[in-house]
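Fold and contact review
So the chains spell out like this:
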Number of protein chains: 2
Amino acid sequence: MSLTNRQILLDNRPTGEPSVANFKLVETPVSALADGEVLVRNHYLSLDPYMRGRMNDSKSYAQPQPLGEVMIGGTVGEVVESRNSHFKAGDKVVGMGGWQEYQRVDANQRGVLQKVDTTHIPLSAYLGAVGMPGVTGWYGLVKIITPKAGETVVVSAASGAVGGAVGQLAKARGCRVVGIAGGPDKCGQVVSELGFDACIDYKAHPDLKSLSRALKEACPDGIDGYFENVGGMILDAVMLRCNAFSRIAFCGMISGYNGDPIPMTNPSLILVNRMKLEGFIVSEHMGVWPEALKELGALVATGQLKYRETVAEGIASAPEAFLGLLKGKNFGKQLVKLV
Amino acid sequence: MSLTNRQILLDNRPTGEPSVANFKLVETPVSALADGEVLVRNHYLSLDPYMRGRMNDSKSYAQPQPLGEVMIGGTVGEVVESRNSHFKAGDKVVGMGGWQEYQRVDANQRGVLQKVDTTHIPLSAYLGAVGMPGVTGWYGLVKIITPKAGETVVVSAASGAVGGAVGQLAKARGCRVVGIAGGPDKCGQVVSELGFDACIDYKAHPDLKSLSRALKEACPDGIDGYFENVGGMILDAVMLRCNAFSRIAFCGMISGYNGDPIPMTNPSLILVNRMKLEGFIVSEHMGVWPEALKELGALVATGQLKYRETVAEGIASAPEAFLGLLKGKNFGKQLVKLV
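Residues numbered from 1 in each chain as written. Chains lettered and ligands numbered in written order. Predicted model: local features only at pLDDT ≥ 70, side-chain atom pairs only at ≥ 80, totals over all residues. Heavy atoms only, no water.

Observations regarding the relation of the copies chain B and chain A
The following threshold applies: We superpose the copies by least squares over the C-alpha atoms of residues that have a pLDDT of at least 70 in both of them. Contacts between residues were defined by any pair of non-hydrogen atoms, one from each residue, lying within 4.5 Å.
For these two chains of identical sequence, chain B goes onto chain A by a turn of 180° and a shift of 0.0 Å along the axis, with RMSD 0.0 Å. As the rotation angle and translation indicate, the two copies are arranged about a two-fold axis. A high fraction, 100%, of the interface residues of chain B reappear at the interface in chain A, so the copies pair face to face through one surface.

See the structure below:
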């Protein structure tokens, strides 16, 4: 079997806004497996906002993505050849296959490849609601925001894979849930499909005063928990509406990825309202994954947790789809379909 | 017995920096006690930074100090007359007597007046190291920063009543402790008297770059915990030096009391370093006071917890002493001695 693997490499680092010129498509032959290895054909690539941070060569929580190497990222796929007794051809698996059509994996390393059951849960969901984004939402909500029934929880990037999970998990816990998203289409679907109580279109509120008024209307009892995906003016507006003892889970601050840091206007609110703000990365809390995935998997299998996918076709479309994700062009989980 | 009580009222609210003209000294006769009441002669008034916030008529965690009424504040003193079976003349007590020489208290209300033992602990210490400031430091350190031996803890306003307690409690837990204070005298004493490992004179570092360099030198392993009393540029500099999983306890942000909020320059560090920031007010955590006071009292009684006092004389000196406190003119606990 002589297979050609098409891969996307990080060719050079962005200065400011990234572009397709930062990436490079290459073709390489797939070489024969060594003992213990597995060959996986990737069916879907996951595109996620965290990848933007790794494109920079600066100190962050993650190692920078190395230049000239395959872009790192989550994948689901099917085993096509195995020299490892734990896997056989036909197994559906989730792993970190990167932006490429095939991956050769030393499957003896613990946790690099997980078999998944697609009887009740579609394969692609393991990259979204029943994968990293779902667990991210679960952790920030359950472990940091710790919502109580009757409280108000606000979620930015509400139509994204993480935000959608946060809101529906909070609804299931008896909260009033208010999303923030870009554009009337997304906001409408966040309410009608995902079941949020309200959703604010931040594009319709370009200044702090207008956004604050919208938050006041949508959150008449103030805000008790906020799941932060964006930063900047939205964070400022939410903080002004936060109640005493409110909690903010910092999951992403996409608005500051491309340049200078965006300040928090009034940090003294942390004291005045005795707030708790906590940043987290879900990969550092592997201990909670089984509990989170159990709840998320059950909700998806029974249709109680809704999610949307935006699917680009073919490996060559990955860079453009990724740039679209950073600009909020996707609705729900952004995937690249390879098979 | 015909006693005259001299009292300091809040006469009008400051616009920007407060002045002595905001206060008014009045004399009122002390009327006869009703059943259940106690008359206390205040020996010391406590002056504390939180009082500045209450002088404003804005939303904060505390009710604004009402105009035309006695300034609220902690006091220690001696019962001079009692119509309550739980107190007798000669009892030493701590309470919230306010800025006045005498207080009439309905001592049947729970917790308004506490008898204290001055055998091993001086009466004034119940307003400082063994009182609200000590418990404030204890709570922020033990419950929010949760220091581990070997970690580095930074404390701003290190020569104050709260900061001094924080640093010594952290030293007792095996931490490297670095203070920040204003001027070489205070810094020298923070190290030589209070036993901090180092103390940075923020007045010698007027810009972020210089302060950052000083922090880097004093905290070669980064910063794991920060007890925040001031805000502004010091907070920015500390955050730049904070380690992954560091914790900041927000106790005061004195730098923002007189005007516009001072922004936090780089909130994305909360995410990048998975930090936890938490504001608190010690009066909302009465449950921990017995545990905290037990440790603080034992350390003071055995001379292991050092503290300084700056003492103004006579009720009329209170406004000026308070303004000095806000400008950092005190060393350690600022008191007004009345007897």
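From this point on, the discussion continues.
Re helix 2 (residues 132-145) of chain A
For an α-helix, 3.6 residues make a turn, and residues three or four places apart therefore share a direction. Residues and elements named next belong to chain A. Note the threshold: Put simply, DSSP H or I for four residues or longer makes a helix, DSSP E for two residues or longer makes a strand, and each gets a number counted from the N terminus. Multiply 1.5 Å by the residue count of a helix minus one, and that product is the helix's expected span. Each residue's exposure class comes from its accessible area (1.4 Å probe, protein chains only) as a fraction of the maximum for that residue type: buried when under 20%, exposed when over 50%, partly exposed otherwise.
Counted at 1.5 Å a residue, the expected span for helix 2 with its 14 residues is 20 Å, and the 18 Å between its end C-alpha atoms agrees. Of all 14 residues that make up helix 2, 12 are buried, and the element is covered over most of its length. All buried positions along helix 2 are accounted for by Pro133, Gly134, Val135, Thr136, Gly137, Trp138, Tyr139, Gly140, Leu141, Val142, Ile144 and Ile145. Taken from the residues just after helix 2, threonine 146 is the one with a positive phi, measuring 40°.

With respect to the domain arrangement of chain A
Residues and elements named next belong to chain A. Note the threshold: Domain delimitation in this document rests on an assignment produced automatically or drawn from a domain database. By buried area we mean the combined loss of accessible area, with a 1.4 Å probe, across both parts when two parts are placed together. We count a salt bridge whenever a side-chain nitrogen from Lys or Arg sits within 4 Å of a carboxyl oxygen from Asp or Glu.
Taken as a whole, chain A is organised into domain 1 (4-128 + 307-337) and domain 2 (132-283). Spacing between the C-alpha centres of domain 1 and domain 2 amounts to 28 Å. Counting residues at the interface gives 19 residues for domain 1, matched by 14 residues for domain 2. Surface buried jointly by domain 1 and domain 2 totals about 1400 Å² across both partners, of which 55% is contributed by carbon and sulfur atoms. Taken together, the connections running from domain 1 to domain 2 amount to 1 salt bridge.

Focus: the side chain of arginine 274 of chain A
To keep it simple, the criterion reads: Here a polar contact means two N or O atoms within 3.5 Å. Within protein one must be a hydrogen donor candidate and the other an acceptor candidate, and residues neighboring in sequence count only if both atoms are side-chain atoms.
For arginine 274 of chain A, the position within the fold is in the loop between helix 7 (268-272) and strand 13 (276-279). A polar contact of 2.4 Å, which involves the side chain of arginine 274 of chain A, links it to the side chain of glutamate 284 of chain B.

What about helix 3 (residues 161-172) of chain A?
All names here are of chain A. Here helix 3 is 12 residues long and its end C-alpha atoms lie 17 Å apart, about the 16 Å a rise of 1.5 Å per residue gives. Along helix 3, 10 of the 12 residues are buried, which leaves the element largely enclosed by surrounding structure. Along helix 3, the residues classified as buried are Ala161, Val162, Gly163, Gly164, Ala165, Val166, Gly167, Gln168, Leu169 and Ala170. Check the buried side of helix 3 and you find it contacts helix 2, strand 8 (152-156), strand 9 (176-181), strand 11 (223-228), helix 8 (289-301) and strand 15 (333-337). Once helix 3 ends, the next one or two residues include glycine 174, with phi positive near 85°.

Details of the packing of aromatic side chains
All names here are of chain B. For the record, the criterion: Stacked, tilted and edge-to-face pairs are distinguished by plane angle, under 30 degrees for stacked and over 60 for edge-to-face with tilted covering the rest, among Phe, Tyr and Trp rings (Trp via its six-membered ring) whose centres lie within 6.5 Å.
Enumeration over the complete set of coordinates arrives at 10 aromatic pairs over all chains. Ring centres 5.4 Å apart and planes at 25° place the aromatic pair phenylalanine 23 and tryptophan 99 in the stacked group. Of the two residues, phenylalanine 23 sits in strand 2 (residues 23-29) while tryptophan 99 sits in the loop between strand 5 (92-95) and strand 6 (102-106), which places them 76 residues apart along the sequence. Accessibility expressed as a relative area gives 8% for phenylalanine 23, which makes it buried. For tryptophan 99, a relative accessible area of 0% puts it in the buried group.

Points about the packing of helix 5 (residues 208-218) of chain B against helix 6 (residues 233-240) of chain B
All names here are of chain B. Here is the rule: Only the stretch in contact is used when fitting a helix axis, every axis being a line fitted to C-alpha atoms; angles between N-to-C directions are given from 0 to 180 degrees. We call two directions roughly parallel when the angle between them is under 35 degrees, roughly antiparallel when it is over 145, roughly perpendicular when it lies between 65 and 115, and oblique otherwise. Each crossing gets its hand from how the near helix is turned against the far one by less than a right angle, where anticlockwise is left-handed and clockwise is right-handed.
In contact at an axis separation of 9 Å, helix 5 and helix 6 are set at 50° when each is read in the N-to-C sense. Overall, the two elements helix 5 and helix 6 adopt an arrangement that is oblique. Seen from above, helix 5 lies across helix 6 with right-handed handedness. Two secondary-structure elements touch here, helix 5 through Leu208, Leu211, Ser212 and Leu215 and helix 6 through Met233, Ile234, Asp236, Ala237, Val238 and Leu240.

What to know about unusual backbone geometry
Unusually for a residue other than glycine, threonine 146 of chain A sits at a positive phi of about 40°. Take threonine 146 of chain A: its relative accessible area is 35%, and that puts it in the partly exposed class. We note that phenylalanine 245 of chain B has phi near 65°; this positive angle belongs to a residue other than glycine. Along the chain, the position of phenylalanine 245 of chain B falls in strand 12 (residues 242-250). On the basis of relative accessibility, which here comes to 41%, the residue phenylalanine 245 of chain B falls in the partly exposed class.

Some details on a nonpolar patch on the surface
All names here are of chain A. Convention followed: The patches described consist of residues with a relative accessible area above 30% and no salt bridge, like charges being joined within 9 Å and nonpolar side chains (Val, Leu, Ile, Met, Phe, Trp, Tyr) within 5 Å. A 1.4 Å probe and the Shrake-Rupley method give the accessible areas. Residues count as covered only by the protein chains that appear here.
Taken together, the side chains of Leu208, Met233 and Leu240 define a hydrophobic patch exposed on the protein surface, amounting to about 230 Å² of accessible area. Note that leucine 208 resides in helix 5 (residues 208-218). Judged by relative accessible area, which is 33%, leucine 208 ranks as partly exposed.

Here's the deal with the sheet that holds strand 12 (residues 242-250) of chain A
Note the threshold: Strands are labelled as partners when DSSP assigns at least two bridges between them.
The strand order across the open sheet built from 12 strands is 10(A)-9(A)-8(A)-11(A)-12(A)-13(A)-13(B)-12(B)-11(B)-8(B)-9(B)-10(B), with neighbouring strands paired in mixed fashion. Strands with a single pairing partner mark the edges of an open sheet, and in this sheet they are strand 10 (198-201) of chain A together with strand 10 (198-201) of chain B. Adjacent strand axes in the sheet meet at a mean angle of 15° when their direction is disregarded. With 4 bridges connecting them, strand 9 of chain A and strand 10 of chain A associate as parallel partners. Paired with isoleucine 180 of chain A across the bridge in strand 10 of chain A is isoleucine 200 of chain A.

So, the pattern of salt bridges
For the structure on display, the rule yields 30 salt bridges over all chains. For lysine 148 of chain A, the salt bridge is made with glutamate 151 of chain A, and the minimal N-O distance between the two is 3.9 Å. Look at glutamate 151 of chain A and you get buried, because its relative accessible area is 12%. With a shortest N-O distance of 2.9 Å, glutamate 37 of chain B and arginine 104 of chain B are connected by a salt bridge. Of this pair, glutamate 37 of chain B sits in strand 3 (residues 37-47) while arginine 104 of chain B sits in strand 6, and the two are 67 residues apart along the sequence. The class for glutamate 37 of chain B is buried, based on a relative accessible area of 12%. Exposure remark for arginine 104 of chain B: the relative accessible area of 39% places this residue in the partly exposed category. Among the charged side chains, a salt-bridge network with shared partners connects Lys88, Asp91 and Lys115 of chain A.

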